[in-house]
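If you want the building blocks of each chain, they are given just below.
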Amino acid sequence: MTAPALEVKELQKSFGAIHVANGINLTLPRGARHALIGPNGAGKTTLVNLITGVLRPSSGDVLLDGEAITHLAQAARTRRGIARTFQVNQLFRALTVLENVYLAIGERSGACRRLWRSAGAERAVIDEALDHLQSLALVADARKLVKELPYGRQRLVEIAIALAQRPKLLLLDEPAAGVPSSENHLILDVIAKLDPNITVLIIEHDMDVVFRFANRISVLVAGAVLTEGTPQEISADARVRSVYLGEGQGQGHGGAP
Amino acid sequence: MDANKLAPTGAAGSVAAARADAANALARRDRFRIGEALPWVIGLAAYLVFPNQMVLGGQTLIMILFALSLDLILGFAGVVTLGHAAYFGVGAYAAALLVTDLNWTEPISGLAFAAVFAAIAGFVSGWLLLRYRGLALLVLTLSMTIMLQQLGNLFRDFTGGYDGIPSINIAPLFSRFDYDLYGHAYYLYCLGVLFVAFYVVRRIVYSPFGQALVGIRENTARMHALGSPVHGRLVVAYTISAALAGVAGALFAQTNTLVTLGVFDFDQSASVLMMLILGGAGRLYGAFVGAVLYMVLQNILAKMSPAFWQFGIGLLLVAVVLLARRGLVGVIDDALTGLGGYLPWRTWGKR
């Protein structure tokens, strides 16, 4: 039996007396479509930061394909095949869409080490960048500055960059957050069509998205996994209902159930 | 032509056209444009029109080079430093000591010698300091330059202390062109060196590496997430920047025939920063516009009254920072864009 694509073991993280991760366990087999839900402040983005190496855990382990990567820095984990999107856009706003994706590929392939060659002469990088843009129907926007795009399209660029990193593991942190519902389908279509070989962990508040997309769901509450199961199991779980209806209500999430 | 709308209905041709269009735009962005000849035409014209101003002209070219070196790290990579005079100073002293202590007077190899020393200084300090950003980095670069200055004062026998190193007499350029009192040969020498340095910087900023520097400036966190060795990239850029600042310092030593510890003054670091902000950081030609304006204004206003000069440059800076954040070249960009949408040079996005 092959090792799971991602394994999170007893992950702990505290800032002083506050435990933001309190013994999180999570296992994603290769190709998983796994959703992480939970009320505000449950530690979902913290978990993404712990997996990607933005934060170091106080204790516990993160394993990628069975190998511990807990000691590795963010850049090293990226090179091992972890990519993420951000809850709030983290784009190169003053650069064109093409240049944004170009950077992702250039840093992955090592092209960005070259300083005596024209960036435009890297045809392989440009062609691959355009392939990614084409698959997300962004080619017509390639020459536009990112900040000139509507927010929904900016979210697509966010995903295009992550895909251009050719990830084995993709972490989507609320990919549809802030997108007007009229543009929502753009994001959902893209997520539905992701390469089945990529293991995907998605954080999402919109239950429609979660149920459409995920075949497993983990519920994170107060820094620990409350329960895990299929969408049917989760929607039938009384504790989950109480967490969402009891505490999750009124915290201002666009797509809360 | 909206390729996105047409794509699903099978108009693959328009997607292909949009792809080619985008790829071409990227491939052609570093072609030399007609407007880029302007600074060099002006540089040569100045030589013919103001033959009596060539000493000021040479000093201005040196400051352009200094500001250009700062532009690479500040304008493109977004690293704000207040210690760039350190590398100018190291280059100046390296070039001076090469002549006075080692009796090596050939000027061009002198520049290379200075570049190497400044690059070493840039590499070591960059490797140590570029882990920090913002205020911490400002203070660290500032203190490092002060420490270097005091180090120079400590080893007085070697550096001449505050009296400096006098009579740095270099050999004729290409063992042929001697220097006259009016600085004619010096001016052309500086113009040639500036051109080479400009070509180097221009190539770098249009390279994939240069694109990564702009990426670091625009969003460092995302570059980390892309697996970019951000610190390494910055150290490389900083080392090149320091080497070029060292060349500027070496030119200063060679044309001035005197170097004192004044080259490490805070004033130097601040002036070069002001020139770059004035002209526009991160746009290559900002260094040209800023340095020329600064030097010419200094010359004219300071002749009237030193207070006039200080006040004048202060007022101008305030105006630029408040009204034209992207510098004077940014203002010209906007004006030309408004007129017809054609820019004779490329810009790196509006901020």
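All figures in this text were calculated on a predicted structure; none of them were measured in a lab.

Our next topic: the interface of chain B and chain A. Taken together, the 39 residues of chain B in the interface contact 42 residues of chain A. Looking at the side of chain B that touches chain A, the elements with two or more residues in it are α1 (3–6), α2 (12–28), α9 (184–205), α10 (208–218) and α11 (220–225) of chain B. At nine residues, the largest contribution of residues to the side of chain B that touches chain A is made by α2(B). Each residue belonging to the side of chain B that touches chain A can be placed in one class, and the counts come to 19 nonpolar, 10 polar and 10 charged.

The next thing to look at is the sheet that holds strand β5 (residues 67–68) of chain A. Residue and element names in this part refer to chain A. Ordered in space as β2-β1-β4-β5, the four strands form an open sheet in which the pairing is antiparallel. Among the strands making up the open sheet, the edge pair consists of β2 (18–28) and β5. Alignment of strand β4 (residues 59–64) against β5, held across two bridges, turns out to be antiparallel. From the neighbouring strand, leucine 64 faces β5, where its bridge partner is glutamate 67. Where helix α1 (residues 44–52) meets the sheet, it contacts β1 (6–15), β2 and β4, and its direction lies at approximately 65° from that of β2.

Here helix α12 (residues 230–256) of chain B contains 27 residues, and its C-alpha end-to-end distance of 38 Å stays within 8% of the 39 Å for a straight helix at 1.5 Å per residue. Positive backbone phi, approximately 55°, marks B:Thr257, located one or two places after α12(B).

With that out of the way, let us pick up the sheet that holds strand β10 (residues 224–229) of chain A. All names here are of chain A. Ordered by their spatial adjacency, six strands build an open sheet running β6-β7-β8-β3-β9-β10, and the pairing between neighbours is mixed. The open sheet has two edge strands, β6 (82–85) and β10, and neither has a second partner. Recorded for the sheet is a direction-independent mean angle of 20° between the axes of neighbouring strands. The sheet contact formed by strand β3 (residues 33–37) and strand β8 (residues 199–203) spans four bridges and is parallel. Counted as the bridge partner of histidine 34 is leucine 201 from β8.

Attention now goes to helix α13 (residues 266–279) of chain B. All names here are of chain B. The terminal C-alpha atoms of α13 lie 20 Å apart, and with 14 residues this matches the ideal 20 Å at 1.5 Å per residue to within 8%. The buried fraction of α13 amounts to 10 of the 14 residues, a majority that puts the element mostly inside the structure. Three or more residues of α13 are buried, namely Gln268, Ser269, Ser271, Val272, Leu273, Met275, Leu276, Ile277, Leu278 and Gly279. Where α13 ends, the next residue or the one after it, glycine 280, has phi of about 120°, a positive value.

Let us look at the pairing of β4(A). Residues and elements named next belong to chain A. Where β1 lies against β4, five bridges are found, and the strand directions are antiparallel. Residue leucine 6 lies in a different strand from β4, and its bridge partner there is leucine 64. Where β4 folds back onto β5 in an antiparallel hairpin, the turn is made up of two residues, including aspartate 65, whose phi is positive at roughly 50°.

Another point: the nonpolar core. Counting residues in each nonpolar core, the largest one holds 185 residues, and the members touching the most others are A:Val101, A:Leu133, A:Ala160, B:Leu65, B:Ala67, B:Ala118 and B:Val247. Looking at this core, you find at least three residues from each of domain 1 (31–266) and domain 2 (294–351) of chain B. Ignoring sequence-local partners within four residues, the contact set of B:Leu65 consists of B:Val193, B:Leu194, B:Ala197, B:Leu244, B:Val247 and B:Ala248.

With that settled, the discussion passes to the confidence of the model for chain B. Mean pLDDT over chain B: 89, with 93% of residues reaching 70 or higher. This complex was scored by the predictor with a pTM of 0.90 and an ipTM of 0.88.

Domains assigned within chain B are domain 1 (31–266) and domain 2 (294–351). The C-alpha centroid of domain 2 of chain B is placed 22 Å from the C-alpha centroid of domain 1 of chain B.

A word on the pairing of β10(A). Across five bridges, strand β9 (residues 216–221) of chain A lies against β10(A) in antiparallel orientation. The residue bridging A:Val219 from the neighbouring strand is A:Thr227, located in β10(A).

A low pLDDT score tells you not to read the predicted coordinates there in detail. Residue and element names in this part refer to chain A. When pLDDT is averaged along chain A, the result is 89; 95% of the residues meet or exceed 70. Looking across chain A, the model is least confident in helix α9 (residues 238–247), with a mean pLDDT of 74, and most confident in helix α3 (residues 97–109), with 97. For the stretch residues 247–257, pLDDT sits under 50, and the model shows 13 contacts to residues farther than four places along the chain or on other chains.

Attention shifts here to unusual backbone geometry. Residues and elements named next belong to chain A. Of note in the backbone geometry, glutamate 10 takes a positive phi value of approximately 45° without being a glycine. Overall, the presence of 13 C-beta atoms within 10 Å leaves glutamate 10 in the partly exposed class. Non-glycine residue glutamate 174 carries a positive phi angle of around 45°. Here glutamate 174 is to be found in the loop between β7 (169–173) and α6 (184–192). When the 24 C-beta atoms within 10 Å are taken as the criterion, glutamate 174 is described as buried.

Definitions and cut-offs
Residues numbered from 1 in each chain as written. Chains lettered and ligands numbered in written order. Predicted model: local features only at pLDDT ≥ 70, side-chain atom pairs only at ≥ 80, totals over all residues. Contact = placed C-beta atoms within 7 Å. Helix = DSSP H or I, 4+ residues; strand = E, 2+ residues; numbered from the N terminus. Nonpolar A, V, L, I, M, F, W, Y, C, P; charged D, E, K, R; others polar. Pairing = 2+ DSSP bridges. Axes fitted to C-alpha atoms, helices over the stretch in contact; angles between N-to-C directions. Expected span 1.5 Å × (residues − 1). Buried ≥ 20, exposed ≤ 12 C-beta atoms within 10 Å, placed from the backbone. Core = buried A, V, L, I, M, F, W, Y, C linked by C-beta atoms within 7 Å. Domains from an automatic or database assignment. pLDDT = per-residue confidence, 0-100.

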